[in-house]
Structure formats: structure tokens, C-alpha cells
Amino acid sequence: MKGRGIVVILVGTLAVLAVAWFLTTHDRVTKSEWVGATGEARLRDFLAAQRLAERMGVKVTEVRSMPELGALPAQGVLLVPNRRQELHAAKLADLLRWVERGGHLIVEAEFLGVPDPLLDQLGVERSQAELLRQPLAVELPGAERKLSVFFGDAMKLDPGQREAHLRVGASLVSFALGRGRVTAATSLRFARNPGYDDEYAKSRRRPERSIRAHDHAELFWRVLSLTPGRELQVYFRPERLSLWGFLKENAAPALAAGGLLLALWLWSIAPRFGPVAPDVPPGRRRLLDHLRASGRYFWASGLRSRLVVAARDAALRRIARAQPDFAFASQAERAARLSSLTGISTDEAARFMVAAGALRGADFIKLTQHAQRVHSALEKGSK
């Protein structure tokens, strides 16, 4: 007992020491994990910028269809992101006429290699540039200090002969067009919600590009304030309505339950598969079965005359074997003998001996009955 007690004490001491070592060498820390945007932020890239504009007293609406794009307020601000290939040349011309009447168009350039008819009509050229890896210190008109902004695009914009009222390096340029204004940027990432790439850059201590980073929120407000308009409209690329997408978005549990019920129903009506049952051994058919099948074949094939002749000749040969002089008797005597043997009239016996051809069903049955009487009578006589 003493040895067992010492072992228990040693094991307990070692466990306490292990726990004490773990607690002194390890600390509990909180780790942040990016889970992505949820709710409205997942569907609306400029939600943070829209909320900022609303807090600053600007009315914010969204444009989600072509008819709405044709009813813009005269002194409003329209933000148009890239991937706008659905806007045809006539609609782009309407937008530029709206700008000339006093509107403010904030447009994001398409990626290099992708046609951009809107900037082409404005005379703004896109070209490859050196990729900047550090934020820029930009001095804007009316700002009390320089703003730190980061675009991080390998693209530059050139407005050509137009006089730029506001310029942020070669990434953003703003100029007048008629009574309105156009602000073109290589990217509107500085006005978008934070995304996965921003979290990745933050974890690697690299410059972020979303509205929460640097002075991007103030830059967005400065751009928005270039015109006196107090209404911001954000253009969203119209997408085709999809019933499957709507159901997946709003009725995913119901779809899953319906799929499960369908699977259970199919399982309930499906045939059960088990071990293969052995085949039933074939039964030996009787001679009568073969004769019956042969007779049916002849009857269905229109060969009744063969059956008539075969039944008649078989009965007459049976009589000739039993009465050898039957074959040499006269026709009248043979008819009389057949009538006496089978119990039928002499006329029927005479017709039986000369029966041939395809008889009708009733006549054929009567003929076989007479032949069967001949065989029965001879069998009785032989006994």
C-alpha cells in the first residue's frame, strides 16, 4: 500500500507542476478574424459613404434602373462605379447633357483593357502607370492640412486640354463641363466599404484603400462638396431578376426542407434492392401442351385446312387399323360403319369422310368432336 500511495503522490505532484508551468508560460489573447460584410454592407459597396453623406445633411438615394437614370435632379450628384457596359451610347450622351445643365458626375474608370466609352466621350485618357505602394500627401483647396490618401492603382488619368480644378496625383481629376462638373478617378475604392483585401493589407501592415483608412472619408466629402448639390444618387448596375436567387436569399430553409422531403418521398417509392432471387426451375411440359401450342399456331396462321385434314385422316386411319376391310368398302358402307361406330347420322358421317378446306369455327369443332368419338369408341372396343 505504501508503494502505491507514493506513486499516486508523485503523479499528482507532476500534474500540478505541469499545470503551473502551462499557466506561467501561456497567455490568453484575443484574436480578430475577418468574417466579411453582412446585411446591407454585403449588398451595397458604398454604404459607409452613403451614411456619411446622410450625416452631413445630404439626401441619398439609389438608382437601380434605366428609367431612374433618366430622371436625375438638375443639381444633384451621381456616383457611377465601373462595370457599366450596359449603358449604351445614347444613355451616356444623356448623362453628359445632364452634367452640362448643372449636375456633378463622379465616375470610376474601367480597368485597363476594358473599353470605357464614357471617359472616351469626356476626352479623359487612361494609361499604365507605376504602382504606388505608399499613401500620398495631397493638398486640397480649402483644406487646413494635407490629406493622406492611397489609391494603389497602376493607372493614371489625363484630362487632355481640360483645366482641372482638383487633382490627386494622376489618380483623380475634377473639371468643369458646361454648368456642371465631372470627377473621374482610377478607382472609387477610397469610398467603398472595407473588404477582405483591406483586412489582408492591415494584417501585413500595408496601406488600406477603403473609406475607413487614412483621410479617405474627408476626401470623399471634399469631392462631394465641389458642387452645391445636396442630393447624392448612387448608381447600381441593374441585374436580371432571378427566381432561384430570390428563393436562395430569402427561403433557403424552406428549399432545404423541401429537398429533404422530396428525397424521402423518392426513397419511399423506390423499389427495394436485395439479393437476387433464384430462378424457378423450368417445368417439363406435357405432350398435350405442345400439341395445343401447335394447333393455336396453325389456327392463328390461317392453316385450318391442315388441321381439318389431319384430324379426319387420323380418325380414318384408326378405323382402317381396327377394321382392315374398311378401306375397300364402298362409300355408302363406310359411312354406315362410321355412323354406327360414333352414333352420328349417315349424312354427317359422309361429310366427315370428305371434309377439307378452312372450315368455320363451329364446323371445325363439330369435326373434331366426331374424330374424338371415333378414337373413344375404338379404345372401348379394344378393351
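Before going into details, it helps to say that this report is about the structure given with it. No experiment lies behind these values; they were computed from the predicted model shown.

So, how was this worked out
Residues numbered from 1 in each chain as written. Predicted model: local features only at pLDDT ≥ 70, side-chain atom pairs only at ≥ 80, totals over all residues. Heavy atoms only, no water. Core = buried A, V, L, I, M, F, W, Y, C linked by side-chain atoms within 4.5 Å. Buried < 20%, exposed > 50% of the residue type's maximum accessible area, 1.4 Å probe, protein only. Helix = DSSP H or I, 4+ residues; strand = E, 2+ residues; numbered from the N terminus. Contact = heavy atoms within 4.5 Å. Pairing = 2+ DSSP bridges. Axes fitted to C-alpha atoms, helices over the stretch in contact; angles between N-to-C directions. Expected span 1.5 Å × (residues − 1). Arc of directions from axis to C-beta. Polar contact = N/O pair within 3.5 Å; in protein donor to acceptor, adjacent residues only side chain to side chain. Salt bridge = Lys/Arg side-chain N within 4 Å of Asp/Glu carboxyl O. Parallel < 35°, antiparallel > 145°, perpendicular 65-115°, else oblique. Nonpolar A, V, L, I, M, F, W, Y, C, P; charged D, E, K, R; others polar.

The next point concerns the nonpolar core. Membership of the largest hydrophobic core comes to 31 residues, with the highest contact counts inside it found for F220, L224 and L232. Sort the elements by how many residues they give to this core and helix α8 (residues 216-224) lands first, with five residues. Ignoring sequence-local partners within four residues, the contact set of F220 consists of A49, L52, L79, F190, A191 and L232.

The subject of this paragraph is the sheet that holds strand β2 (residues 77-80). The seven strands lie next to each other as β1-β11-β2-β3-β10-β9-β8, forming an open sheet whose pairing is mixed. Only two strands of the sheet have a single neighbouring strand rather than two, namely β1 (59-63) and β8 (164-168). Within the sheet, the average angular offset between the axes of one strand and its neighbour, ignoring direction, is 15°. Examined bridge by bridge, β1 and strand β11 (residues 231-235) share five bridges and lie parallel to one another. Residue pairing across strands places V63 opposite Y235, the latter belonging to β11. Across the sheet, helix α3 (residues 47-55) lies against β1 and β11, angled at about 145° from β1, the strand it touches most.

Before going further, it helps to spend a moment on helix α5 (residues 89-100). An α-helix turns once per 3.6 residues; consequently, residues spaced three or four apart project the same way. With 12 residues, α5 extends 17 Å between its outermost C-alpha atoms, agreeing within 8% with the 16 Å of an ideal straight helix rising 1.5 Å per residue. When α5 is considered as a whole, its buried residues turn out to be K91, L92, L95, L96, W98 and V99. The buried side chains of α5 occupy one side of the element, clustering within an arc of 155° when seen end-on. Where α5 is buried, its residues contact α4 (66-69), β2, β3 (104-108), α6 (117-122), β9 (172-177) and β10 (180-185). Remark: G102 follows α5 within two positions and exhibits a positive phi of approximately 125°.

As for its placement among the helices and strands, D116 is situated in the loop between β3 and α6. Within the structure, the side chain of D116 is placed 2.9 Å from the side chain of R84, a separation counted as a polar contact. Aside from chain neighbours lying at most four places away, what touches D116 is R84, E108, A109, E110 and R126.

This next bit is on the pattern of salt bridges. Once the charged atoms of two side chains with opposite charge are near each other, the side chains can pair. Going through the model one piece at a time under the given rule, you end up with 12 salt bridges. With a closest N to O distance of 2.9 Å, D116 and R84 form a salt bridge. Residue D116 is found in the loop between β3 and α6, and its partner R84 is found in the loop between β2 and α5; the two are separated by 32 residues along the sequence. Assessed through its relative accessible area of 4%, R84 is described here as buried. Overlapping salt bridges, with partners in common, bring together R145, D215, E218 and R222 in one network.

Moving on: unusual backbone geometry. Among all residues except glycine, the phi angle is most often negative; among peptide bonds, the trans geometry is most common. Its identity as a non-glycine residue notwithstanding, R83 has a phi of 60°, on the positive side. Counting through the fold element by element, R83 comes out in the loop between β2 and α5. Here H214, not a glycine, exhibits a phi torsion of approximately 55°, which is positive. Relative to the elements of secondary structure, H214 occurs in the loop between α7 (196-203) and α8.

Moving on: the packing of helix α11 (residues 287-300) against helix α12 (residues 304-322). Their axes nearest at 7 Å, the elements α11 and α12 cross at an angle of 135°. Relative to α12, the element α11 is oriented oblique. Facing α11, whose interface residues are G295, F298 and W299, α12 presents R304, R306 and L307. Across the contact of α11 with α12, the residue classes break down as three nonpolar, one polar and two charged.

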